[in-house]
Amino acid sequence: MLEEFINRMERAETRDDLTELTFFLRDHYGIAHVIYHWVNSDGEQYGAGTYPVEWAKHYIDSGYLRTDPVVQGCFQRFHPVEWKRLDWSSKAARKMMEEAVQFGIGHQGYSIPLRGPAGQFALFTMNDTCDDAAWAAFTTENVRDLMLIAHYFNQKALTFEPDRGESVPPPLSPRESEALTYLALGYSRAQVAELISISEHTLRVYVESARFKLGAMNTTHAVARALSMGVIVV
Amino acid sequence: MIRYIYGDELLKHERLAQGMFRDRAEQFKRRQGWDVTVDTNGEERDDYDALNPLYVIWERPDGTHGGSMRFLPTVGQTMVNDHFLHLTEGVRIASPVIWECTRFCLAPGGGARVSAALMLAGGEIMRNFGIEHFVGVFDRRMVHIYRAIGASPEVLGTSGTGPDQISVGLWAFSESARRKVARQAGVSELISDHWFRRSFGGNSIELALSA
């Protein structure tokens, strides 16, 4: 399922395509909303998400970028942020949340801050109306995938920026290619580690690193992508 | 107690920050003889301190710095990728689920308990933020300290010998390792959880009781 997400992501060419992807992810996870919210150093912003357009308009018209505890709490940070842990005590923040709920936004949220070049800053947010226990279970189970998805979203969005050109994934090092090649040939992790004389643990990190460069969600997918992109040949 | 503080929040912890940068000068410049920059205030800083990293700091009961370490995401600029690719077989380690841990520092007199408390804090980061590994640079002196607290890294590569020996290592953190370093640190897991939640917000007592 997430591989389908990656494949669609790869084909995305416009911000509208990114919006469609947020709907895809929302349905996949069965949650209320998924939003990618992008802000540059001049305070310009755009969003790709499942929020009602009326809410997005209201948010912008009300200047909530400066009020929103999620934006304030994620700016200059790099750890995933649970909304409940933010400071919602101000009157303005509570008012914003009350209004948001009327537009169908849930009170549960989990946002992953993303940093880009030249002061670009983005948030990738999951949102729902469920109770605390269900939300904790959802985020705990999916945090790893969500971190990857958030970064892939940001990488894609950055390619839409003027003067950025197509972002080329950094080439794999010989060691990473070697590891993926043996995995593609059907060797187990233990066998590959032994073949290239590294520990299984080290292998795991090399594969993890290669996976991110290839834009893949898991090892099998990384191998498939490396093959289809011609990065490795078996 | 453990505090988790981003670079831009250090201003609110002036004494702790000053102690950390001075103890880093003491450890890395004077004791270990690394080629690092110490300013006129006797504080050691490098380019990575300017990237708004997350510091994990052991604060002593009197409010002074007892030990610390520094985290940055490997999807951004890191020391390992910038300077130590020859120790990772050329592999540029970059993933949202791997963070770099550097400048592991102990104040003079800081022992295994402080090291263990810092490691325990590293475990909280992994557990709470979906981080699977830490990667970092360390020298030979640290090998014994990590071993003593049962948190030896997997070594990816080493160069130099004797006191000049420097390695890139990799940490993972299991629940059993967590219990072990908690024991070593003399800190209960509940307290560790409380410190984490206090730094990152939220009602720690309620969450701790429901955990």
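Throughout this document, residue positions are counted from 1 along each chain, in the order its sequence is written. All chains are assigned letters beginning with A, and all ligands numbers beginning with 1, in the order in which they are written. In view of the model being predicted, local features appear only for residues whose pLDDT reaches at least 70, and side-chain atom pairs are presented and counted only at 80 or more, with totals across whole chains, interfaces and linings using the full set of residues. Heavy atoms throughout the structure, all of them, feed into the side-chain values; hydrogens and water do not.

A. Local environment of the nonpolar core. Nonpolar cores were defined as sets of buried Ala, Val, Leu, Ile, Met, Phe, Trp, Tyr and Cys residues, with membership established by side-chain atoms within 4.5 Å. Here's how the labels work: a residue is buried when its accessible area is under 20% of the maximum for its type, exposed when over 50%, partly exposed in between, all with a 1.4 Å probe on protein chains only. In this structure, Phe5(A), Phe124(A), Phe153(A) and Ile125(B) are the most contacted members of the largest nonpolar core, which totals 114 residues. Take this core: its biggest share by element is 11 residues, from helix 6 (residues 132–159) of chain A. Domain delimitation in this document rests on an assignment produced automatically or drawn from a domain database. In terms of domain composition, this core takes at least three residues from each of domain 1 (2–159) and domain 2 (174–228) of chain A. Contacts are assigned to residue pairs that have any heavy atoms within 4.5 Å of one another. Ile125(B) has contacts with Tyr4(B), Leu54(B), Val56(B), Phe71(B), Trp99(B), Gly130(B), Ile131(B), Phe134(B) and Phe196(B), leaving out every residue within four places of it along the chain. Within the second largest apolar cluster, 21 residues are counted, among which are Tyr64(A), Val81(A), Trp83(A) and Ala93(A). Each helix is a run of DSSP H or I of at least 4 residues and each strand a run of E of at least 2, with the numbering of both proceeding from the N terminus.

B. Representation of the packing of aromatic side chains within the structure. Residues and elements named next belong to chain B. Two aromatic rings, drawn from Phe, Tyr or Trp (for Trp, its six-membered ring), form a pair once their centres lie within 6.5 Å of each other, and the interplanar angle then sorts them: stacked below 30 degrees, edge-to-face above 60, tilted otherwise. In this structure the tally under the stated criterion is 32 aromatic pairs over all chains. For the ring pair Phe71 and Trp99, a centre distance of 6.3 Å and an interplane angle of 55° mean the geometry is tilted. On the criterion of sequence distance, the pair formed by Phe71 in strand 3 (residues 65–73) and Trp99 in strand 4 (residues 98–106) is long-range, its members being 28 residues apart. When sorted by exposure, Phe71 lands in the same class as Trp99, which is buried. Summarising the aromatic geometry, the rings of Phe196 and Phe200 are spaced 4.7 Å apart at their centres and angled 45° between planes, so their arrangement reads as tilted.

C. Representation of the sheet that holds strand 7 (residues 166–171) of chain B. All names here are of chain B. At least two bridges found by DSSP between two strands is the condition for calling them paired. In space, the seven strands of this open sheet follow the order 1-2-3-4-5-7-6, with mixed pairing throughout. Each having just a single partner strand, strand 1 (2–6) and strand 6 (154–159) make up the two edges of the open sheet. The sheet shows a mean angle of 25° between the axes of neighbouring strands, direction not considered. In this sheet, strand 7 lies alongside strand 5 (residues 133–139) in antiparallel orientation, the contact comprising six bridges. If you follow Phe138 over to strand 7, its bridge partner there is Ser167. Whenever a helix is involved, its axis is fitted only over the stretch in contact; in every case the axis is a line through C-alpha atoms, and angles between N-to-C directions fall within 0 to 180 degrees. Sheet contacts for helix 4 (residues 140–148): strand 4, strand 5 and strand 7; angle to strand 5, the most-contacted strand, approximately 130°. In this fold helix 6 (residues 189–200) packs onto strand 1 and strand 2 (54–59), with an angle of close to 25° to the strand it touches most, strand 1.

D. Seen up close, the domain arrangement of chain A. Residues and elements named next belong to chain A. Looking at chain A, the domain boundaries give domain 1 (2–159) and domain 2 (174–228). Of the residues lining the interface, 12 residues belong to domain 1; the matching set on domain 2 comes to eight residues. As used here, buried area is the combined drop in accessible area, with a 1.4 Å probe, of two parts when they are placed together. Summed over both sides, the interface of domain 1 with domain 2 buries roughly 900 Å², with 59% coming from carbon and sulfur. Just to be clear on terms, a salt bridge is a Lys or Arg side-chain nitrogen sitting within 4 Å of an Asp or Glu carboxyl oxygen. Across the domain 1-domain 2 interface, the total number found is one salt bridge. A salt bridge links Glu10 to Arg225, with the shortest nitrogen-to-oxygen separation between them at 3.3 Å. Within 3.5 Å is the distance limit for a polar contact, defined as a pair of N or O atoms, with the added protein rule that one can donate a hydrogen and the other accept it, and that residues adjacent in sequence qualify only through two side-chain atoms. The interface formed by domain 1 and domain 2 holds three residue pairs in polar contact (both at pLDDT 80 or more) in total. Only helix 1 (2–11) and helix 6 provide two or more residues apiece to the side of domain 1 that touches domain 2. Sorting elements by how many residues they give to the side of domain 1 that touches domain 2 places helix 6 first, with seven residues.

E. View of the pairing of strand 1 of chain B. Residues and elements named next belong to chain B. Counting buried positions over the five residues of strand 1 gives four, a clear majority of the element. The sheet contact formed by strand 1 and strand 2 spans five bridges and is antiparallel. Each residue of the ladder has a partner; that of Ile5, found in strand 2, is Tyr55.

F. Structural context of helix 3 (residues 112–129) of chain B. Residue count minus one, scaled by 1.5 Å, sets the expected span of a helix. With 18 residues, helix 3 of chain B extends 26 Å between its outermost C-alpha atoms, agreeing within 8% with the 26 Å of an ideal straight helix rising 1.5 Å per residue. Remark: Gly130(B) follows helix 3 of chain B within two positions and exhibits a positive phi of approximately 70°.

G. Seen up close, a nonpolar patch on the surface. A residue counts toward a patch only above 30% relative accessible area and without a salt bridge, and it is joined to like-charged neighbours within 9 Å or, for Val, Leu, Ile, Met, Phe, Trp and Tyr, to nonpolar neighbours within 5 Å. Here the Shrake-Rupley method, with its probe set to 1.4 Å, supplies the accessible areas, and only the displayed protein chains count as covering residues. A surface patch of nonpolar side chains, about 450 Å² in accessible area, is lined by Leu185(A), Tyr187(A), Leu195(A), Leu227(A) and Val234(A). Exposure remark for Val234(A): the relative accessible area of 57% places this residue in the exposed category.

H. Up close: the interface of chain A and chain B. Opposite the 28 residues of chain A that make contact, chain B presents 38 residues. Counting the surface lost from both chain A and chain B, the interface buries some 2,900 Å², and carbon and sulfur atoms represent 59% of this. It is Phe78(A), Arg85(A) and Val205(A) in chain A that bury the most area against chain B; as a group they hold 26% of the surface buried on that side. Counting across the chain A and chain B interface gives five salt bridges.

I. View of the sheet that holds strand 1 (residues 33–39) of chain A. All names here are of chain A. Spatially, five strands are ordered 2-1-5-4-3 in an open sheet, and the strand pairing comes out antiparallel. Sheet topology places strand 2 (45–49) and strand 3 (81–82) at the edges, where each strand pairs with a single neighbour. Direction of pairing for strand 4 (residues 108–115) relative to strand 5 (residues 121–128): antiparallel, over a ladder of eight bridges. For Gly109, the partnering residue across the bridge sits in strand 5 and is Asn127.

J. Seen up close, unusual backbone geometry. Of note, Gln76(A) is a non-glycine position whose phi angle comes to about 70°, a positive value. As for its position among the elements, Gln76(A) is in the loop between helix 4 (69–74) and strand 3. Here Gln76(A) falls in the partly exposed class, since its relative accessible area comes to 32%. Residues other than glycine seldom take positive phi values, yet Asn52(B) does so here, at roughly 55°.

K. Spatial organisation of the confidence of the model for chain B. Residue and element names in this part refer to chain B. What pLDDT reports is the predictor's confidence in each residue, on a scale of 0 through 100. Across chain B, the average pLDDT comes to 90, with 95% of residues at 70 or higher. When pLDDT is averaged over each element of chain B, strand 2 comes out on top at 98 and helix 7 (residues 204–210) at the bottom at 43. Low pLDDT, under 50, characterises residues 204–211; the stretch is placed with six contacts to residues that sit more than four places away or in other chains. Across the predicted assembly, pTM comes out at 0.91 and ipTM at 0.90.

L. Layout of empty space enclosed by the protein. Residue and element names in this part refer to chain B. Buriedness for pockets is judged along seven lines, at least five of which must meet protein on both sides within 12 Å for an open set on the 1 Å grid over protein atoms alone, while cavities are sets there where a 1.4 Å probe fits but cannot get out, and lining residues have an atom within 4 Å of a point. Grid points are joined across faces, edges and corners, and a volume is the space filled by probe spheres set on the points. Inspection of the entire model under this criterion finds one cavity of 30 Å³ or more. The space that makes up the largest cavity amounts to roughly 60 Å³. Lining the largest cavity are Gln27, Phe28, Gln32, Trp34, Thr102, Arg103, Phe104, Val137, Phe138, Asp139, Met142 and Tyr146. Taken together, the elements giving at least two residues each to the lining of the largest cavity come down to helix 1 (14–31), strand 4, strand 5 and helix 4. Its residues assigned to classes, the lining of the largest cavity shows seven nonpolar, three polar and two charged. In this classification, Asp, Glu, Lys and Arg are treated as charged, Ala, Val, Leu, Ile, Met, Phe, Trp, Tyr, Cys and Pro as nonpolar, and every other residue, Gly included, as polar.

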